[in-house]
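So the chains spell out like this:
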Number of protein chains: 2
Amino acid sequence: MMRHNPNAISGQSAPRNSQYSADGGLTRMSLKVFAATLILSAAMTGSGLAQEPIVLKEMGSFHVGGKLVEVTGKPIREVVFTPGGQPAKVDPNGTYQVGQMYVQYFVPQEERGRYPLLMSHGGGLTGVTYETTPDGREGWLNFFLRRGWAIYNSDAVERGRSGWAQYPDIFQGEPVFLTTANPWERFRIGGGEGTYSATPSERKVLPGNQFPVEAYDQFVKQGVPRWTTTDDFILDAYSAEIEKVCPCVIMVHSQAGKFGFEMAQKHPDKVRALVAVEPAGGGQEDAVDALKDIPILMLYGDYIEGDARWPAIRQRGLDFANLVRESGGSIDIVDLPAAGIPGNSHMPMMDKNSDEVAAYIQNWLVEKGLYQ
Amino acid sequence: MMRHNPNAISGQSAPRNSQYSADGGLTRMSLKVFAATLILSAAMTGSGLAQEPIVLKEMGSFHVGGKLVEVTGKPIREVVFTPGGQPAKVDPNGTYQVGQMYVQYFVPQEERGRYPLLMSHGGGLTGVTYETTPDGREGWLNFFLRRGWAIYNSDAVERGRSGWAQYPDIFQGEPVFLTTANPWERFRIGGGEGTYSATPSERKVLPGNQFPVEAYDQFVKQGVPRWTTTDDFILDAYSAEIEKVCPCVIMVHSQAGKFGFEMAQKHPDKVRALVAVEPAGGGQEDAVDALKDIPILMLYGDYIEGDARWPAIRQRGLDFANLVRESGGSIDIVDLPAAGIPGNSHMPMMDKNSDEVAAYIQNWLVEKGLYQ
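Residues numbered from 1 in each chain as written. Chains lettered and ligands numbered in written order. Predicted model: local features only at pLDDT ≥ 70, side-chain atom pairs only at ≥ 80, totals over all residues. Heavy atoms only, no water.

Trainee: Sorry if this is basic, but what is going on with the overall build of chain A here?
Mentor: A tally of regular secondary structure across chain A gives eight helices and 10 strands. A burial count over chain A gives 64% of its 372 residues as buried. Total accessible area computed for chain A in this model is approximately 13400 Å², and 50% of it derives from carbon and sulfur atoms. (Helix = DSSP H or I, 4+ residues; strand = E, 2+ residues; numbered from the N terminus. Buried < 20%, exposed > 50% of the residue type's maximum accessible area, 1.4 Å probe, protein only. Areas by Shrake-Rupley, 256 points an atom, 1.4 Å probe, with all protein chains shown as cover.)

Shown next, in the form of structure tokens:
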């Protein structure tokens, strides 16, 4: 397991002046200058002064994957799309594009990541997960972009800008909507049932929790409906993304943990590293051999042992990791509190110490030779 | 009506060397240098060579607006979120956050727009409308960002990263899904019913049409479901965006035409100009007086007279514009073909001459004193 490096907690410096070298040491700046830079960065952040600009070679978006599905036998409808407007005939019978996935990309002018970094969010959320934190700080997308990683941030199929398809005709089952209370109680912020209240001041918070609880209501606005029956659609679209963009490093969170492992198993020649943040599941047990040459980091936050569900979720991840190790693979399993980073919820990319956790990941990527 | 300025068709130069001055003339570069730059730009675009970097002071996202709604009397469900995972109890009764809107922003290091530029997409789409074109060119978001406009690009309520709410409990009615054929026939690409075919080579195209028909299948992937009953939710969220971000210039397309006019009517002190691209509707007829000090540009593409629905849609826009003019307001109504720009579909920001149409809008904004 990698030791936590407190020097890595910079978070605001531009890629071209990064303190990281290929071996994780401090070669470009002396420690004295670096410390001064840290203090300056912190002061600038605190006072809201401008930081270094983000310099992009290009930015844009595309959709990948999906398939065409026929719907038949439905009545024709007349739809007035704009009140008082012209009715338009809408024949629901026909061919539908379904299962595609939205990807937004940002390529820095000076790339330092050896491969693009693909970000995949968790269930009931979208790529917004990695953007600005609920309390308005720069998220992991900016963190890694500023350090010179080309970022490909997706919305999983049926979430966000990927769109969704008719159900039960095309998607099976019904979508799941979460109440405002649900993530508070389930994401190790409050610590289980009964800890949420509509009145913010009456919400119970796990002691030392780093989630920006004052911005919880903003976080809830990021939620979107999700299905639990669309894994095949989602995996197919991720494969299409990998075929278009990779070789690459993949970062996944929560529900996407399973997808990250399965993507790496399906495309071992394209995936150069996998960072699984609070993964909710592992990969295919009968294909662990495919992972043996891919460095993998599994990161877990705090408060797991006291949670109703997370001890079993984590154990399932560890069991899968053991299978990978037994077949010769290399997985670093990091419980952040044991690495000196306490207080993280299920959403470390939003927690107040999000830059500290990101720096830990960045250091790991440097150690694996994926940064130049 | 403003004359089309062919010199404005640059599309690739960085904001700091822009050829535009406050009066729309060429003051910063001689015509000779400018012509040389144009040729160089065109050559670089054609050969795929790198263009100037995009330099951002900041980028990020947030959600605005929405409200809390109670749902009661539903049975509790057990949901397995990850196959083989821990079942989680999902009680659908409770409080839901609904009606919020996602906004992504990009602030250039060197701002030249006098106000931020808010972009609002049309029905069945998302903010992706303004990003990369279906055939992979830079979209209007990049075009205006490169010229120094701070961009706030939103997904309307219930579309994209804004998420959507249960129906019919919270949203009324059912969502509308479009077949792959529908936009081809309705967006003045093919020219009406029967012009679409599943076989690309058999699709009929309006003569001279600028839509990148070879990338139509990519465009279809950008589509998302929509309701026709959520206007109040959408307008409330746009108001929340305006209160947070403006004073500003607003750009709207299609369904959002109505929203743009109504936003300007509700916030006449905050909206410094309105650009309505192919608006599907006007504003509130009893509040036209509120628009009298706001410069408005209404842009229509080609093929309207031969279309089944667009003559009436356009006429409705003109009728509303007349009411605004009668109350002392200033609206420029531009039919692009009459301005020397033929061939545009309902999606000019994606058409092959998208930069030419954007340059027309940019010149108009310069003429209105909104650029420095």
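Trainee: Hey, could you run me through the interface of chain A and chain B in this one?
Mentor: Note on interface size: it is often stated as the accessible area lost on association of the parts. Residue-level contacts link 86 residues of chain A with 85 residues of chain B. For the pairing of chain A and chain B, the buried interface totals around 6600 Å² over both sides, and the portion due to carbon and sulfur atoms is 56%. Among the residues of chain A in contact with chain B, A:Phe81, A:Arg161 and A:Trp164 are the three that bury the most area, contributing 13% of the side total. Inspection of the chain A/chain B interface yields six salt bridges. (Contact = heavy atoms within 4.5 Å. Buried area = accessible area lost by both parts, 1.4 Å probe. Salt bridge = Lys/Arg side-chain N within 4 Å of Asp/Glu carboxyl O.)

Trainee: Explain the state of the cysteines here, please?
Mentor: When the sulfur atoms of two cysteines share a covalent bond, that bond is a disulfide. All names here are of chain A. Overall, the coordinates contain two disulfides over all chains when judged by the stated rule. Here cysteine 246 pairs with cysteine 248 through a disulfide, and the sulfurs are 2.2 Å apart. Taking the sign of the S-S torsion, 75° for the link of cysteine 246 and cysteine 248, the bridge is right-handed. A residue is classified by how much of its surface remains accessible, and cysteine 248, at 0% relative accessible area, is buried. (Disulfide = S-S within 2.5 Å.)

Trainee: Honestly, the packing of aromatic side chains in this entry has me stumped. Any pointers?
Mentor: Centre-to-centre distance and the angle between the planes together describe a pair of aromatic rings. Considering all chains together, one arrives at 46 aromatic pairs over all chains under this definition. On the basis of an interplanar angle of 40° and a centroid distance of 6.3 Å, the ring pair of A:Trp164 and A:Tyr167 is categorised as tilted. Using a relative accessible area of 9% as the deciding quantity, one classes A:Trp164 as buried. When the centroid spacing of 6.2 Å and the interplanar angle of 40° are considered together, the rings of A:Trp164 and B:Trp227 count as tilted. (Phe/Tyr/Trp six-rings, centres within 6.5 Å; stacked < 30°, edge-to-face > 60°.)

Trainee: Looking at this structure, how should I read the pattern of salt bridges?
Mentor: When the charged atoms of two side chains lie near each other, side chains of opposite charge can form a pair. Under the definition given, this model contains 28 salt bridges over all chains. A:Asp335 is the salt-bridge partner of A:Arg314, the closest N and O atoms lying 2.8 Å from each other. Of this pair, A:Arg314 sits in helix α7 (residues 310–326) while A:Asp335 sits in strand β10 (residues 331–335), and the two are 21 residues apart along the sequence. On the basis of relative accessibility, which here comes to 17%, the residue A:Asp335 falls in the buried class. Across the pair B:Glu262 and B:Lys258 runs a salt bridge whose closest N-O atoms are separated by 3.2 Å. With a gap of four residues between them, B:Glu262 and B:Lys258 both fall in helix α6 (residues 256–266), about one helical turn apart. With respect to class, B:Glu262 is no different from B:Lys258; both count as buried.

Trainee: What should I look at first to understand the relation of the copies chain A and chain B in this one?
Mentor: What relates the pair of chain copies is a rotation about an axis plus a shift along that axis. When chain A is fitted onto chain B, the two copies agree to an RMSD of 0.0 Å after a turn of 180° and an axial shift of 0.0 Å. Seen this way, the second copy is the image of the first under a two-fold rotation axis. Here 99% of the interface residues in chain A have copies in chain B that are interface residues too; the copies meet face to matching face. (Least-squares fit on C-alpha atoms with pLDDT ≥ 70 in both.)

Trainee: Looking at this model, I keep getting lost on the pairing of strand β6 (residues 151–155) of chain B. Mind explaining?
Mentor: Working note: regular strand, side chains alternate between the two faces of the sheet. Residue and element names in this part refer to chain B. Counted residue by residue, β6 has five buried out of five residues, so it is predominantly covered. Burial of β6 is two-sided: the residues Ile151, Asn153 and Asp155 facing one way and the residues Tyr152 and Ser154 facing the other way are all buried. Pairing of strand β4 (residues 94–108) with β6, which is carried by five bridges, proceeds in the antiparallel orientation. By the bridge assignment for β6, tyrosine 105 is matched with tyrosine 152. Sheet analysis places strand β5 (residues 117–120) next to β6, joined by three bridges and oriented parallel. Looking across to β6, one finds that leucine 118 is bridged to tyrosine 152. Once the chain exits β5 it traverses helix α2 (residues 140–146) before rejoining the sheet at β6, and the crossover so formed is right-handed. (Pairing = 2+ DSSP bridges. Right-handed = clockwise from strand over helix to strand, strands pointing away.)

Trainee: Could you clarify how one ought to interpret the packing of helix α5 (residues 231–245) of chain A against helix α6 (residues 256–266) of chain A in this entry?
Mentor: Working note: a packed helix pair is described by the angle between its axes plus the distance between those axes. All names here are of chain A. Packing of α5 against α6 leaves a shortest axis separation of 10 Å and a crossing angle of 50°. Regarding the angle of α5 to α6, the classification is oblique. Where α5 crosses over α6, the handedness of that crossing is right-handed. Between α5 and α6, the contacting residues are Asp231, Ile234, Leu235, Asp236, Tyr238, Ser239 and Ile242 on the first element and Ala256, Lys258, Phe259, Glu262, Met263 and Lys266 on the second. When its residues are assigned to classes, the contact of α5 with α6 shows seven nonpolar, one polar and five charged. (Axes fitted to C-alpha atoms, helices over the stretch in contact; angles between N-to-C directions. Parallel < 35°, antiparallel > 145°, perpendicular 65-115°, else oblique. Left-handed = near helix turned anticlockwise from the far one by under 90°. Nonpolar A, V, L, I, M, F, W, Y, C, P; charged D, E, K, R; others polar.)

Trainee: Explain helix α8 (residues 354–367) of chain A here, please?
Mentor: Since the α-helix turns once every 3.6 residues, residues separated by three or four places project in the same direction. Residue and element names in this part refer to chain A. Taking 1.5 Å per residue as the helical rise, α8 with its 14 residues ought to reach 20 Å, and the 20 Å between its terminal C-alpha atoms agrees with that figure. The buried fraction of α8 amounts to 13 of the 14 residues, a majority that puts the element mostly inside the structure. Once α8 ends, the next one or two residues include glycine 369, with phi positive near 75°. (Expected span 1.5 Å × (residues − 1).)

Trainee: Looking at this structure, I do not really get helix α5 (residues 231–245) of chain B. What am I missing?
Mentor: Residue and element names in this part refer to chain B. In a regular helix each residue adds 1.5 Å, so 15 residues correspond to 21 Å; α5 covers 21 Å between its end C-alpha atoms and thus fits that length. Counted residue by residue, α5 has 11 buried out of 15 residues, so it is predominantly covered. Regarding α5, the residues found buried are Asp231, Phe233, Ile234, Leu235, Ala237, Tyr238, Ser239, Ala240, Glu241, Ile242 and Val245. If you follow the buried residues of α5, they end up packed against β1 (54–71), β4, β5, β6, β7 (248–253) and α6.

Trainee: What exactly am I supposed to notice about the pairing of β1(B) here?
Mentor: With three bridges connecting them, strand β1 (residues 54–71) of chain A and β1(B) associate as antiparallel partners. Note that in β1(B) the partner of A:Leu56 across the bridge is B:Ile54. Across 14 bridges, β1(B) lies against β4(B) in antiparallel orientation. Note that in β4(B) the partner of B:Lys67 across the bridge is B:Val98.

Trainee: I would appreciate a short explanation of the environment of A:Met119 in the present structure.
Mentor: Residues and elements named next belong to chain A. Along the polypeptide, methionine 119 turns up in strand β5 (residues 117–120). Here methionine 119 falls in the buried class, since its relative accessible area comes to 0%. With 38 residues separating them along the chain, methionine 119 and valine 157 place their C-alpha atoms 14 Å apart. Beyond its immediate sequence surroundings of up to four residues, methionine 119 is in contact with Tyr130, Trp140, Leu141, Phe144, Ile151, Tyr152, Asn153, Ser154 and Met251.

Trainee: Help me understand the confidence of the model for chain A in this model?
Mentor: In low-pLDDT regions, the fine details of the predicted coordinates are not to be read closely. All names here are of chain A. Chain-level pLDDT for chain A is 88 on average; 87% of the residues reach the 70-or-more range. In the model of chain A, helix α1 (residues 31–47) stands out as the element of lowest mean pLDDT, 40, in contrast to strand β6 (residues 151–155), which has the highest, 99. Scored below 50 in pLDDT, residues 1–49 shows 83 contacts in the model against residues more than four places distant or in partner chains. The ipTM for the predicted assembly is 0.87, set against a pTM of 0.87. (pLDDT = per-residue confidence, 0-100.)

Trainee: What is the right way to look at the side chain of A:Asp332 in this model?
Mentor: Residues and elements named next belong to chain A. Of note, aspartate 332 is situated in strand β10. Among the residues examined, aspartate 332 registers a relative accessible area of 17% and is labelled buried. Polar side-chain contacts of aspartate 332 include one of 2.7 Å to the side chain of tryptophan 364. Look past the residues within four positions of aspartate 332 in its chain and what remains in contact with it is Ile296, Leu297, Met298, Trp364 and Lys368. (Polar contact = N/O pair within 3.5 Å; in protein donor to acceptor, adjacent residues only side chain to side chain.)

Trainee: When you look at unusual backbone geometry in this model, what are you seeing that I'm missing?
Mentor: For residues besides glycine, phi is generally negative; the peptide bonds are generally trans as well. Residues and elements named next belong to chain A. Cis geometry marks the peptide bond from tyrosine 167 to proline 168; its omega dihedral reads 0°. Following cysteine 246, the chain continues into proline 247 via a peptide bond in cis, with omega recorded as 20°. Turning to its location among the elements, proline 247 is positioned in the loop between α5 and β7 (248–253). One non-glycine residue with positive phi stands out, namely glutamate 278, at about 50°.

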